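# Architecture at a glance
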Amino acid sequence: MAEIQLKDLAHSYAADPEHTTDYAIHQMNHVWEQGGAYALLGPSGCGKSTLLNIISGLVKPSHGSVLFDGVVMNDISPQDRNIAQVFQFPVIYDSMTVYDNLAFPLRNMKVIESEVDEKVRAVADILELNSILQQKANNLSADQKQKISMGRGLVRDDVSAILFDEPLTVIDPNLKWKLRRKLKQIHERYNLTMVYVTHDQLEASTFADKIALMYEGKIVQFGTPRELFENPNHTFVGYFIGSPGMNLLEIEVTAEGAKMGEITVCLNDQQRRLLKSAGNASLKLGIRPEFVQLSSQSNDESMPCTLVHTEDLGTYKIVTVMLGEHSIKVRLDEEQQVPEQNAYLNFPSQWLKFYADDYLIVTDETGDKS
Amino acid sequence: MNKIQNNRAWFLVLPVFILVAFSAIIPLMTVVNYSVQDIFDQNNAYFVGVEWYRDVLQDPRLQDSLLRQFMYSGSVLAIEIPLGIAVALMMPTRGAMASLSLILLAIPLLIPWNVVGTIWQIFARADIGLLGYAINGMGIEYNYATNATDAWLTVVLMDVWHWTSLIALLCYSGLRAIPDAYYQAAKIDRASDWAIFKYIQLPKLKGVLIIGVLLRFMDSFMIYTEPFVLTGGGPGNSTTFLSQTLTKMAIGQFDIGPAAAFSMIYFLIVLLVSWLFFTTISQLDKNKT
């Protein structure tokens with residue numbers, strides 16, 4: 001059982017990193033608690049696989065340390081770290097049967113054969129591989145191969161964490177949810193720490209209790225899927241989570257409120273104070289398409305806008321409107337009507353987020369400190 | 001379903017048929033033609049049926065060289081395949097050293113057969129050759145021109161020198177095609193180096209090894225130039241392989257009939273062994289699944 005701690009960790013593939021751009025992972029401190037189901041979410045090239053490989057020991061970090069339960073692991077090889085890793089492409093030993101594949105790690109550890117048999121059958125039971133145990137592994141479908149890769153991690157008693165590196169990439173969409181559910185079951189049953197790397201927010205939020213969102217080598221936010229959605233603390237989180245992502249508008253603070261081009265959004269006192277505290281950083285206003293209100297009637301605070309186009313996605317619609325020179329996306333439920341001629345936008349003030357230099361402005365008053 | 005039958009469609013096969021006829025069937029048929037006749041001159045040819053075949057198969061000279069040939073191909077394969085795999089495993093995977101070793105390995109493959117023969121002919125000579133002289137200098141008596149065992153060793157060594165590179169290069173490319181994830185997974189599964197070799201590398205090399213074995217078998221089974229230049233088949237007949245026996249028969253003694261029969265048998269052996277090898281391997285594969 002392990003709590004994984006990253007202490008002052010940074011990594012550069014270059015021999016002597018000089019600029020911050022040389023770093024694949026920027027200095028970070030992070031703790032994955034024992035037994036948690038975590039997702040490491042981020043776009044391609046943000047360093048999430050590097051981070052995973054550092055945890056598993058396949059990559060040695062250039063700075064800082066990795067601790068398992070408080071013990072420094074930097075110089076411990078992957079095979080001695082008590083972790084299992086599942087890769088993007090299923091790794092199976094072609095020449096062996098499914099049974100032998102599952103037994104492989106145990107046999108490498110010289111476990112007696114009767115025990116091997118017991119373990120393999122137990123794991124095969126959970127992964128529903130029972131019926132194909134005696135088949136050769138190389139002719140199986142991708143999802144079964146991926147289950148075998150997972151199974152090899154599960155047969156070992158000493159495994160305390162399983163790391164997944166985009167394990168469902170090569171799986172048929174209709175089988176993905178099945179495997180994801182299997183992962184959940186395994187997590188509940190074995191009380192293992194699981195870290196799941198993916199670039200798919202849906203995958204991350206269905207699998208994980210907590211998501212670490214990575215961007216340019218940094219974990220920009222660590223929280224529940226809901227926190228990431230409602231309270232993104234970096235513009236990138238707003239942009240990356242949600243479909244479509246958050247509307248982000250550059251603003252200037254004036255006496256009337258937040259000015260963006262010709263348009264001014266009214267602010268309340270609290271928001272004014274918030275923005276003032278940011279000083280002269282570059283400011284942005286963010287609001288999720290789900291929270292923007294679009295109607296055909298104007299009210300005190302509404303702003304006139306022009307409709308550009310509507311995408312009907314079946315269960316919801318995405319309406320693109322122009323507010324001054326800014327394009328805003330609005331997500332409407334299927335039953336909501338898109339205004340025909342005059343359209344007005346409202347930004348409910350509780351959903352307005354303000355960013356200074358891309359980071360969420362927080363004060364003690366709001367209580368938001370995620 | 002109404003299928004239109006038009007036999008003129010057969011004409012479409014004609015170009016291929018003509019090509020194959022000229023490249024393979026017609027030349028082969030002339031050999032078949034000679035192998036079943038006894039020809040004295042243009043007007044005197046007698047059909048003899050399978051007589052030449054019977055003669056050839058009972059000829060002790062040929063039986064001996066056939067046996068020698070199998071021993072030769074067998075030992076060449078037994079050395080070159082494991083050695084080639086070992087070399088490929090030890091080669092650096094990236095950087096300047098990788099390119100350098102690739103070039104060094106490719107050099108023997110670029111040298112023409114008779115030059116290889118000449119190189120070794122001189123290199124291994126007991127009087128002036130570096131290798132021969134050095135071995136004798138160490139107190140081991142060695143002379144490939146007079147001692148049959150020495151001649152054998154030299155011929156095999158020459159082939160190993162010439163062709164191990166081919167296996168090594170094939171395996172090298174096969175090894176490079178294994179994704180890193182396999183090694184990483186094996187590491188995490190605590191596999192030993194031997195287990196990695198046995199369960200990851202070797203299975204992944206199977207494809208290239210089948211090709212390598214087939215190529216080396218066919219090539220070594222038909223070898224002519226190198227031993228001919230090196231030992232001329234001697235001492236005695238100790239390094240006279242099939243193709244040399246055949247050449248002596250066809251061109252030296254002008255026994256066209258038996259030589260043609262022999263050619264056919266030779267051809268069929270190569271075909272049969274290759275086919276047996278290939279089908280056995282693919283059959284093994286199917287049975288296991």
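Check the entry above for the structure.
A few points on the structure. (Residues numbered from 1 in each chain as written. Chains lettered and ligands numbered in written order. Predicted model: local features only at pLDDT ≥ 70, side-chain atom pairs only at ≥ 80, totals over all residues. Heavy atoms only, no water.)

### Digging into the environment of Ser220 of chain B
Residue and element names in this part refer to chain B. With respect to the helices and strands, the residue Ser220 is situated in helix α9 (residues 193-221). In this structure Ser220 comes out as buried when scored by relative accessible area, which is 0%. Measuring from C-alpha to C-alpha, the distance between Ser220 and Pro82 comes to 16 Å, with 138 residues separating the pair along the chain. In terms of polar contacts, Ser220 uses its side chain to reach the backbone carbonyl oxygen of Phe217, at 3.2 Å. (Helix = DSSP H or I, 4+ residues; strand = E, 2+ residues; numbered from the N terminus. Buried < 20%, exposed > 50% of the residue type's maximum accessible area, 1.4 Å probe, protein only. Polar contact = N/O pair within 3.5 Å; in protein donor to acceptor, adjacent residues only side chain to side chain.)

### A word on the pairing of strand β1 (residues 37-41) of chain B
Within a regular strand, side chains alternate between the sheet's two faces. All names here are of chain B. With 4 bridges connecting them, β1 and strand β2 (residues 44-47) associate as antiparallel partners. If you follow Asp41 over to β2, its bridge partner there is Asn44. Between β1 and β2, which pair antiparallel one after the other, the connecting turn spans 2 residues. (Pairing = 2+ DSSP bridges.)

### Some thoughts on the packing of aromatic side chains
Residue and element names in this part refer to chain A. Evaluation of the coordinates by the stated rule reveals 25 aromatic pairs over all chains. Ring geometry for Tyr215 versus Phe236: centroids 3.9 Å apart, planes at 15°, classification stacked. Here the residue Tyr215 occupies a position in strand β9 (residues 210-215), and Phe236 occupies one in helix α8 (residues 235-240), the gap between them amounting to 21 residues. Pairing Phe291 with Trp351 gives two aromatic rings, centres 3.8 Å apart and planes at 15°, and the pair type is stacked. (Phe/Tyr/Trp six-rings, centres within 6.5 Å; stacked < 30°, edge-to-face > 60°.)

### Things to note about the packing of helix α5 (residues 113-123) of chain B against helix α7 (residues 148-176) of chain B
Residues and elements named next belong to chain B. In contact at an axis separation of 11 Å, α5 and α7 are set at 130° when each is read in the N-to-C sense. It follows from the interaxial angle that α5 and α7 lie oblique. Of the two possible hands of crossing, α5 and α7 adopt the one that is right-handed. Residue-level inspection shows Trp113, Val116, Gly117 and Trp120 of α5 in contact with α7, the latter providing Thr154, Leu157, Met158, Trp161, His162 and Trp163. Tallied by class, residues from the contact of α5 with α7 come to 7 nonpolar, 3 polar and no charged. (Axes fitted to C-alpha atoms, helices over the stretch in contact; angles between N-to-C directions. Parallel < 35°, antiparallel > 145°, perpendicular 65-115°, else oblique. Left-handed = near helix turned anticlockwise from the far one by under 90°. Contact = heavy atoms within 4.5 Å. Nonpolar A, V, L, I, M, F, W, Y, C, P; charged D, E, K, R; others polar.)

### Regarding the interface of chain B and chain A
Each partner contributes residues to the interface: chain B has 17 residues there, and chain A has 26 residues. It is Ile188, Asp189 and Arg190 of chain B that lose the most area in chain B upon contact with chain A, and together they represent 39% of the buried surface on that side. Taken together, the connections running from chain B to chain A amount to 3 salt bridges. Here Asp94 of chain A and Lys204 of chain B are joined by a salt bridge, their closest N and O atoms 3.0 Å apart. At the surface where chain B touches chain A, the tally comes to 8 residue pairs in polar contact (both at pLDDT 80 or more). By residue number, the principal contributor to the side of chain B that touches chain A is helix α8 (residues 180-188) of chain B, which donates 7 residues. In the side of chain B that touches chain A, the residues fall into 10 nonpolar, 2 polar and 5 charged. (Buried area = accessible area lost by both parts, 1.4 Å probe. Salt bridge = Lys/Arg side-chain N within 4 Å of Asp/Glu carboxyl O.)

### Side note on the sheet that holds strand β1 (residues 4-12) of chain A
Residues and elements named next belong to chain A. Strands sit in the order β2-β1-β4-β5 across an open sheet of 4 strands; the sheet is antiparallel. Among the strands making up the open sheet, the edge pair consists of β2 (23-32) and β5 (71-72). Judged from the 6 bridges that link them, β1 and β2 form a sheet pairing that is antiparallel. Considered in β2, the bridge of Ile4 is made with Trp32. Across the face of the sheet, helix α1 (residues 48-56) comes into contact with β1, β2 and β4 (63-68) while running at roughly 125° to β1.

### Concerning a nonpolar patch on the surface
Together, Phe11, Leu14, Val16, Phe17, Ile18, Leu19, Val20, Phe22, Ile25, Ile26 and Met29 of chain B make up an exposed nonpolar region whose accessible area comes to about 1100 Å². Along the polypeptide, Phe11 of chain B turns up in the segment before α1 (14-35). (Patch = residues over 30% accessible without salt bridge, like charges linked within 9 Å, V, L, I, M, F, W, Y side chains within 5 Å. Areas by Shrake-Rupley, 256 points an atom, 1.4 Å probe, with all protein chains shown as cover.)

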